[in-house]
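Chain by chain, the residues:
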Amino acid sequence: MADVNLLSPGRIDGFDTKNRIVMAPMTRCRSDAQGVPTDIVAEYYAQRASAGLIISEGIAPCAVGLGYARTPAIESAAQVDAWKKVTAAVHAKGGRIFAQFMHVGRIGHSANRYTKEPLISPSGVRAAGQMWTDSLQMQDFDAPRAIELKEIPSIIEDYVKATKNAFAAGFDGVELHSASGYLPMQFLSTNTNQRTDQYGGSAANRIRFVVETLEAMTKAAGSANKVGIKISPAMPFNDILDDNPVETYTTLVKAIGNMGLAYLHVLQSAPDPNYFAMLRPLFKGPFAAGGGFTKESGDKMLASGGADFIVYGKLFTSNPDLPVRFQKGAALVDPDPNTFYGGAEQGYITYKSL
Ligand SMILES: Cc1cc2nc3c(=O)[nH]c(=O)nc-3n(C[C@H](O)[C@H](O)[C@H](O)COP(=O)(O)O)c2cc1C
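Just so we're clear, the structure is a prediction, and the values are computed from it rather than from any experiment.

Here is what the cut-offs are and how they apply
Residues numbered from 1 in each chain as written. Predicted model: local features only at pLDDT ≥ 70, side-chain atom pairs only at ≥ 80, totals over all residues. Heavy atoms only, no water. Near = heavy atom within 4 Å. Polar contact = N/O pair within 3.5 Å; in protein donor to acceptor, adjacent residues only side chain to side chain. Areas by Shrake-Rupley, 256 points an atom, 1.4 Å probe, with all protein chains shown as cover. Nonpolar A, V, L, I, M, F, W, Y, C, P; charged D, E, K, R; others polar. Phe/Tyr/Trp six-rings, centres within 6.5 Å; stacked < 30°, edge-to-face > 60°. Helix = DSSP H or I, 4+ residues; strand = E, 2+ residues; numbered from the N terminus. Buried < 20%, exposed > 50% of the residue type's maximum accessible area, 1.4 Å probe, protein only. Right-handed = clockwise from strand over helix to strand, strands pointing away.

Draft legend 1. A look at the site of the ligand. Close to the ligand lie 17 residues; Pro25, Thr27, Gln100, Gly292 and Gly313 are nearest. With respect to the ligand, the side chain of lysine 230 contributes an N or O atom lying 2.9 Å from an oxygen atom. Contact with the protein chains removes 87% of the 600 Å² of surface that the ligand exposes when unbound. Considering only residue class, the shell around the ligand consists of eight nonpolar, seven polar and two charged.

This is the structure in structure tokens:
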């Protein structure tokens with residue numbers, strides 16, 4: 001594998017990728033209060049079409065799954081129509097884009113939501129911490145209600161509907177966001193999942209929601225290789241904690257390793273243990289590694305065979321043509337965290353390509 005680098009062509013989901021560079025899913029809060037992406041969103045993604053694959057920002061599969069201010073969903077006709085403009089703009093520039101489904105579960109506040117339904121989570125355990133709301137500034141997370149056993153099929157059905165809507169909107173595939181302390185990770189983790197039924201307790205039970213959701217999504221997509229998944233083992237973000245993440249994530253990846261998924265995307269948030277090395281052998285299919293990579297560390301990872309794709313987040317916010325800059329050895333523009341979450345054009349579509 002020594003000759004593989006970031007600029008080598010790759011393959012995901014039966015299509016060739018022009019390089020091994022994936023744009024990470026990034027919430028940028030440029031949607032309206034009804035979860036509809038604004039017009040600048042298409043321009044933003046089109047500017048980044050030189051990535052081998054773009055993963056969209058987290059998109060709520062349903063209104064109950066939306067928790068942050070000005071974030072998008074993919075449920076209503078207006079939302080789907082807006083996403084059509086995004087995928088068309090990316091395809092016109094020769095890019096590929098997957099939709100990331102982000103169901104927040106217990107992470108949200110009523111002031112950010114266009115439904116009056118409460119937040120939901122595996123065991124109704126409220127998250128410690130606060131989030132931004134436009135009308136009330138910083139607020140404690142709302143208390144979620146516990147999910148009843150009999151309603152789990154309807155939550156999975158929300159992902160199925162979102163999958164169908166994503167393909168209707170022209171996305172090339174879909175990603176289950178099972179990282180960063182949102183709903184699927186709330187099922188995986190012991191501090192948020194205290195259930196005593198078949199969805200809680202042992203690792204085999206805690207992974208059940210994720211496995212069943214992936215199975216349902218692959219069925220709706222028509223083939224497994226149009227569905228990817230993102231995980232972030234042991235990442236504490238959003239007050240999440242698992243007693244034994246090594247056991248949880250090896251159990252999960254063994255269970256999904258032979259499903260024929262488009263890829264496994266692993267975000268490594270701390271140096272030890274090395275989840276890339278631990279999980280890659282358990283997954284048959286493209287392996288995407290993310291979290292703090294530079295050009296040098298990305299090339300090194302690919303050359304060593306440690307991953308098939310490298311996922312870049314923050315660098316893509318301020319370097320829309322990141323693959324071109326890597327190729328030319330050009331200087332990179334530093335990301336500006338002040339414009340990450342919200343605002344309009346400035347810091348979003350104002351960065352120039354070379
Ligand atoms: C502004 C911003 C928004 C993000 N939003 C999401 C998101 O919606 N879904 C997700 O899975 N990860 C999200 N992330 C995490 C990134 O996908 C990525 O895993 C992380 O930034 C580490 O990669 P990096 O060091 O290359 O930035 C976000 C990161 C940033 C900087």
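And the narrative resumes.
Draft legend 2. View of the packing of aromatic side chains. This structure, assessed with the given rule, holds twelve aromatic pairs. Seen from their ring centres, tyrosine 68 and tyrosine 182 are 6.2 Å apart, and the 75° between their planes marks the pair as edge-to-face. In this pair, tyrosine 68 is assigned in the loop between β4 (53–59) and α2 (77–92) and tyrosine 182 in the loop between β10 (173–178) and α4 (183–188), connecting sequence segments 114 residues apart. With a relative accessible area of 5%, tyrosine 182 lands in the buried category. Ring geometry for tyrosine 159 and phenylalanine 209: centres 6.3 Å apart, planes at 65°, overall edge-to-face.

Draft legend 3. Spatial organisation of the pairing of β4. For β4, the buried fraction is high: seven of the seven residues fall into the buried class. Taken together, strand β3 (residues 21–23), helix α1 (residues 40–47) and β4 form a β-α-β motif whose crossover is right-handed. Chirality of the crossover, the property in question, places the unit of β4, α2 and strand β5 (residues 97–101) among those that are right-handed.

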